[in-house]
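Okay, here's what each chain looks like letter by letter:
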Amino acid sequence: DVDALPDDVTQEVCAKHASDIETDDTKDSLEMRLIKEKVLGEGVPYLGLCRGSQMLNVAMEGTLYFDVAAETRTTVRHIDYENYDGHRHPLSVLPHTPLAGWFREEFQGLKKYAAVELSVNSYHHQGIRTLAPGLQPLCYDPDGLVEGFYDPGMYDPENGKYRVGPL
């Protein structure tokens, strides 16, 4: 939430992430309308990556951090402009989620509620502040920031139903 930051911090964030904070009101309103009408209204399957997951969360009444580093005490670096393709950070996959099912082998032999740690590429400075009602986390970064989520009421990929948002 940009309003939660002092003006000088907001200006610093905008300067630091200049290429990532440009807005296009036409594009934003079109994408939001499509998500609300087609995905939420008609149940069209949706896999939202990065911005797409953030848009889905907001469309479902969740909120975002304008800048994770400026608004939290995170120790995790989520973006590295100098190492776009190689930057990674750890995350913990929650057991008993679809994402855990995709990494079934990594969960073998672990205690019932243990999480699996993976290393993922990362290129975002915004993040989920509050997860929208009805969505459930798939994974977290080491500081507890949701890095992926899904809608359990709309998750049956074998029948063409899914609403998933990995950052």
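Structure: above.
Here, residues in each chain are numbered from 1, in the same order as that chain's written sequence. With the structure being a predicted model, the display of local features is reserved for residues of pLDDT at least 70 and the display and counting of side-chain atom pairs for 80 or more, all residues being used for whole-chain, interface and lining totals. Excluding hydrogens and water, the side-chain figures rest on all heavy atoms present in the structure.

Asker: How do you make sense of the pattern of salt bridges when you look at a structure like this?
Answerer: Close approach of charged atoms allows side chains of opposite charge to pair. What counts as a salt bridge is simple: a side-chain nitrogen of Lys or Arg found within 4 Å of a carboxyl oxygen of Asp or Glu. Throughout the structure, instances matching the rule amount to six salt bridges. Of the charged contacts, one joins R51 and E31 as a salt bridge, the two residues approaching to 2.6 Å between their closest N and O atoms. Linking R51 in helix α3 (residues 51–59) with E31 in helix α2 (residues 25–42), this pair joins segments that are 20 residues apart in sequence. Here R51 falls in the partly exposed class, since its relative accessible area comes to 33%. Classification of residues uses two cut-offs on accessible area relative to the type maximum, computed with a 1.4 Å probe and protein chains only: under 20% is buried, over 50% is exposed, and between them is partly exposed. Using a relative accessible area of 25% as the deciding quantity, one classes E31 as partly exposed. Here D151 and R163 are joined by a salt bridge, their closest N and O atoms 2.8 Å apart. Here D151 is found in the loop between β7 (146–150) and β8 (163–166), whereas its partner R163 is found in strand β8, with twelve residues between them in sequence. Taking relative accessible area as the criterion, D151 reaches 9% and is therefore assigned buried. One salt-bridge network, held together by shared partners, links K27, D28, E31 and R51. Numbered from the N terminus, helices here are DSSP runs of H or I no shorter than four residues, and strands are runs of E no shorter than two.

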